[in-house]
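Coordinates in review
Okay, here's what each chain looks like letter by letter:
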Amino acid sequence: MDNKIEIISFESRQQMAERVADLVEVHLSRALLERKTAQLAASGGSTPAGLYKTLAERDVAWDRVMVPLVDERWVAPGEPGSNETFVRKMLQQNKAQKAQIVGLWSDSASSSDGVDVAAEKLNDAGAELDVAILGMGNDGHTASWFPHAEGLETALSEEDGAIVAAVKAKESEVTGSHLDRLTMTLGHVKRARCVCLLITGDEKKATLQRAIERGPIEEMPVRAILNARPDIWICWAP
Ligand SMILES: O=C(O)[C@H](O)[C@@H](O)[C@H](O)[C@H](O)COP(=O)(O)O
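Keep in mind it's a predicted model, so treat the numbers as computed, not measured. (Residues numbered from 1 in each chain as written. Predicted model: local features only at pLDDT ≥ 70, side-chain atom pairs only at ≥ 80, totals over all residues. Heavy atoms only, no water.)

1. Describing the overall build of the protein
When helices and strands are tallied, the protein shows eight helices and 10 strands. At 16 Å, the protein has a C-alpha radius of gyration in line with the 18 Å of a compact globule built from 238 residues. For the protein, the spread of C-alpha atoms along the three principal axes comes to 45 × 40 × 35 Å. Counting every position in the protein, which comprises 238 residues, the buried fraction comes to 57%. Looking at the protein alone, contacts between residues at least 24 apart form 76% of all its contacts between residues at least 6 apart. Working note: accessible area of the protein is about 10400 Å², and carbon and sulfur atoms make up 47% of it. The positive charge centre, built from 27 side chains, and the negative charge centre, built from 36, are 5 Å apart in the protein. (Helix = DSSP H or I, 4+ residues; strand = E, 2+ residues; numbered from the N terminus. Rg over C-alpha atoms; globule rule 2.2 N^0.38 Å. Buried < 20%, exposed > 50% of the residue type's maximum accessible area, 1.4 Å probe, protein only. Contact = heavy atoms within 4.5 Å. Areas by Shrake-Rupley, 256 points an atom, 1.4 Å probe, with all protein chains shown as cover. Lys, Arg positive; Asp, Glu negative; His and termini not counted. Charge placed at Lys NZ, Arg CZ, Asp CG, Glu CD.)

Laid out in structure tokens, this is it:
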């Protein structure tokens, strides 16, 4: 692992939200000068809430911004745990009401059955991600690349055409009941122009420092994006 990977430490979660929103705004604005639409790939969970609320206050041409989900628990929008619902609630408000959220869930029986529909939606949204916002669990997962998960090898594919994969996570305190997942692949996330990992608290900082040390990717799959993108913006706040 490139141990030159640095963690940018902020004094507070709000300061991290403001500065990362600045970074995202620059990349979206640049993309919108070059193309009709820009793409902000958004993770769920909880950490990015402050960022998304801050971004919703920013003067961006949100009606031209596609916001595909990085990953989704296999629950319908509106159901507890839906990442799409989280992103819609936190980002699609105030100035960003017209942001175009691209959910991964469909009424297919399982995430495996939903892969093709999700891939089509992501391809329709556009080829290039401008920004990818990632979080990390204390088990060293990011996106839905969970340690030793069924489907992890496919999820970590770097093939051009493979942009989404179905994953069945192992039950743990991190995954709770949400074991069936759909996730962007490493290949899709790593091609984003800017990749940003947001973590908070001392436990996650220690987890990330373990991930930066050498070790098997399947044990801490966040290592896959750290390897692929040593220029990743890793932002931490207490
Ligand atoms: O489906 C999800 O939960 C997310 O997309 C996942 O990858 C998240 O980023 C991490 O689990 C961290 O979650 P927290 O931000 O809630 O700690």
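Still more to cover.
2. A few points about the site of the ligand
By nearness alone, 13 residues border the ligand, and Ser46, Thr47, Asp71, Ala143 and Lys204 come closest of all. Take Arg73: an N or O atom from its side chain is 2.8 Å from an oxygen atom of the ligand. Separating an oxygen atom of the ligand from a side-chain N or O atom of Asn83 is a distance of 2.8 Å. In the complex, the protein chains occlude 88% of the 410 Å² of accessible area that the ligand would expose alone. A per-class count over the shell around the ligand returns two nonpolar, seven polar and four charged. (Near = heavy atom within 4 Å. Polar contact = N/O pair within 3.5 Å; in protein donor to acceptor, adjacent residues only side chain to side chain. Nonpolar A, V, L, I, M, F, W, Y, C, P; charged D, E, K, R; others polar.)

3. Some remarks on the packing of aromatic side chains
For any two aromatic rings, the description comes down to two numbers: the centre-to-centre distance and the angle of the planes. This structure, assessed with the given rule, holds two aromatic pairs. Centroid distance Trp74 to Trp105: 6.1 Å. Interplanar angle 40°. Geometry classified as tilted. With Trp74 in the loop between β4 (71-73) and α3 (83-90) and Trp105 in the loop between β5 (100-102) and α4 (111-125), this pair connects stretches of sequence that are 31 residues apart. The class for Trp105 is partly exposed, based on a relative accessible area of 23%. One Lys or Arg, Lys205, reaches over the ring of Trp236 and ends 3.9 Å from the middle of that ring. (Phe/Tyr/Trp six-rings, centres within 6.5 Å; stacked < 30°, edge-to-face > 60°. Lys NZ or Arg CZ within 6 Å of the ring centre and 35° of its normal.)

4. Details of the sheet that holds strand β2 (residues 38-42)
Within a sheet, neighbouring strands are paired by backbone hydrogen bonds and run either parallel or antiparallel to one another. One open sheet accounts for seven strands, arranged β1-β10-β9-β6-β2-β3-β5; its pairing is parallel. Sheet topology places β1 (7-9) and β5 at the edges, where each strand pairs with a single neighbour. Across the sheet, the axes of successive neighbouring strands diverge by a mean angle of 25°, strand direction being ignored. Here β2 runs beside strand β6 (residues 131-134); their pairing, made up of three bridges, is parallel. Looking at the pairing, Ala41 lines up with Ala132 of β6. (Pairing = 2+ DSSP bridges. Axes fitted to C-alpha atoms, helices over the stretch in contact; angles between N-to-C directions.)

5. Observations concerning the nonpolar core
Counting residues in hydrophobic clusters, the biggest one holds 82 residues, and the most contacted among them are Leu40, Trp62, Leu91 and Ile133. For this core, the leading source of residues is helix α1 (residues 13-34), giving eight residues. Contacts of Trp62, omitting those with residues within four sequence positions, involve Leu28, Leu40, Leu55, Leu91, Lys95, Ala96, Lys98, Ala99 and Gln100. (Core = buried A, V, L, I, M, F, W, Y, C linked by side-chain atoms within 4.5 Å.)

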